[in-house]
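The residues making up each chain are set out below.
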Amino acid sequence: MRIAVISDVHSNLRALEAVLADIGAADAYWHLGDAVGYGPDPDAVVERLRQLGAISVRGNHDDAVAGGECIRWFVADAQEAAEWSRARISAATRAWLAALPLQLVQETPVGSFTLVHGSPRDPLLEYVYSRAVAREILPEIKTRHCLVGHSHIPLHFQTTGERDSSLEEWQVDSGHPARLGEGRAILNPGGVGQPRDGDPRAAYMIIDTGAGEAAWRRVDYDIEATQRAMRDAGLPPALAFRLSLGH
Ligand code: ZN
């Protein structure tokens, strides 16, 4: 079974299409939230995810654009983009966003996975960005593995040895896959539509249950075309500029 794990598309249709072309065929598409917010194509991205039959959890931007409370904690540019999206999305997009669950559980031959945008103890807002935070949330994960988004940074935490407390963090850019037959893993695929690890290419992850591995991938896309669409839409210029930096 080949599972494509994507997160934080953020209304960036060009990045999503480049990722889907790179994936080729997958048996399942798992989306970890923030389909919308920041970018110029909220309806088209949601429609594409629906066409794929992607299963998805709710991100803080999905919540904000659907009319939720999360918009109150946004910085000014994110708030402006969320309000821009609220004013333009179709009723079908709003209904899809509003119906997204906070967490999902999926069973696979390499163990069960929790899918959540932030963390199991705070599904919309908590960032799992360090080994200290990963260690804190590990007891709250009811499945063997956990997939998170939200930080837009590819991350790999995994237990080694007998006890859950022996938690290791690996650098994803070294290109090594995560071995899912060993220990418990907390994995972040990175962001499709707004990477923040200094690499502007779109990021995603493939879980190959036959090989027992999760591998991270990066894909070039037409960043300038997305930036032009954002400028034409009147979205905040800083949000367009940061796409070039991957930050
Ligand atoms: Zn996000």
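These figures come from a predicted structure and were not determined experimentally.

Student: I tried to follow the coordination of the zinc ion on my own but got confused; where do I start?
Tutor: For a metal with four donors in a tetrahedral arrangement, the ideal angle between donors is 109.5 degrees, while six donors in an octahedron ideally sit at 90 or 180 degrees. For the zinc ion, the full set of protein donor atoms is D8 (OD), H10 (NE2), D34 (OD) and H152 (NE2), at a range of 2.1 to 2.3 Å. Around the zinc ion, the four donor atoms are arranged such that angles at the metal cover 85 to 176°; this shape is classified as irregular. Each donor residue of the zinc ion lies on one chain, and together they are spaced D-x1-H-x23-D-x117-H. The pair formed by D8 and H10 is uniform in burial state, with each residue classed as buried.

Student: Hey, could you run me through the pairing of strand β7 (residues 155–159) in this one?
Tutor: Side-chain direction in a regular strand flips from residue to residue, so the side chains alternate between the two faces of the sheet. Most of β7 is tucked away: five of the five residues are buried. Alignment of β7 against strand β10 (residues 185–188), held across four bridges, turns out to be antiparallel. The residue of β10 that forms the bridge with H156 is L187. As paired elements, β7 and strand β8 (residues 167–170) share four bridges and run antiparallel to each other. In the strand pairing of β8, F157 is matched with E169.

Student: Explain the packing of aromatic side chains to me, please; I cannot follow it from the model alone.
Tutor: Working definition: an aromatic ring pair is given by the centre-to-centre distance plus the angle between the planes. Following the criterion strictly, the structure yields one aromatic pair and no others. Summarising the aromatic geometry, the rings of W30 and F113 are spaced 5.6 Å apart at their centres and angled 65° between planes, so their arrangement reads as edge-to-face. Of the two residues, W30 is situated in strand β2 (residues 28–31) and F113 in strand β5 (residues 111–116); the sequence distance between them amounts to 83 residues. A relative accessible area of 3% means that W30 is categorised as buried. A relative accessible area of 0% means that F113 is categorised as buried. In this arrangement the basic side chain of R72 is found over the ring face of W73, its NZ or CZ atom lying 5.5 Å from the centre. Its guanidinium or amino end placed over the ring of Y38, R242 lies 5.9 Å from that ring's centre, counting from NZ or CZ.

Student: Is there a simple way to think about the pattern of salt bridges in this case?
Tutor: Where side chains of opposite charge bring their charged atoms close, a pairing between them can arise. Per the stated rule, a full pass over the model turns up 12 salt bridges. Two residues, R72 and E69, come together in a salt bridge whose shortest N-O distance is 2.4 Å. On the accessibility criterion, E69 (48% relative accessible area) is partly exposed. The partner of R131 in a salt bridge is E168, with the nearest N and O atoms 3.8 Å apart. Note that R131 is positioned in helix α6 (residues 131–137) and E168 in strand β8, a separation of 37 residues in sequence. The class of R131 is partly exposed, set by a relative accessible area of 34%. Overall, the relative accessible area of 32% leaves E168 in the partly exposed class. What emerges from the salt-bridge pattern is a single network uniting D197, D199, R201 and R218.

Student: Please clarify how unusual backbone geometry should be interpreted in this entry.
Tutor: Note on backbone geometry: most residues besides glycine have negative phi, and most peptide bonds are trans. Unusually for a residue other than glycine, H10 sits at a positive phi of about 50°. Among the structural elements, H10 can be located in the loop between β1 (2–6) and α1 (13–23). The buried category is assigned to H10, whose relative accessible area is 2%. The phi dihedral of H152 falls on the positive side, at around 65°, and the residue is not glycine. Its place among the elements puts H152 in the loop between β6 (145–148) and β7. Classification of H152 by relative accessible area gives buried; the value is 1%.

About the criteria used
- Residues numbered from 1 in each chain as written.
- Predicted model: local features only at pLDDT ≥ 70, side-chain atom pairs only at ≥ 80, totals over all residues.
- Heavy atoms only, no water.
- Donors = N, O, S within 2.8 Å, 3.2 Å for Na, K, Ca; no water.
- Tetrahedral: all angles 85-135°; square planar, octahedral: opposite > 155°, others 65-115°.
- Buried < 20%, exposed > 50% of the residue type's maximum accessible area, 1.4 Å probe, protein only.
- Helix = DSSP H or I, 4+ residues; strand = E, 2+ residues; numbered from the N terminus.
- Pairing = 2+ DSSP bridges.
- Phe/Tyr/Trp six-rings, centres within 6.5 Å; stacked < 30°, edge-to-face > 60°.
- Lys NZ or Arg CZ within 6 Å of the ring centre and 35° of its normal.
- Salt bridge = Lys/Arg side-chain N within 4 Å of Asp/Glu carboxyl O.

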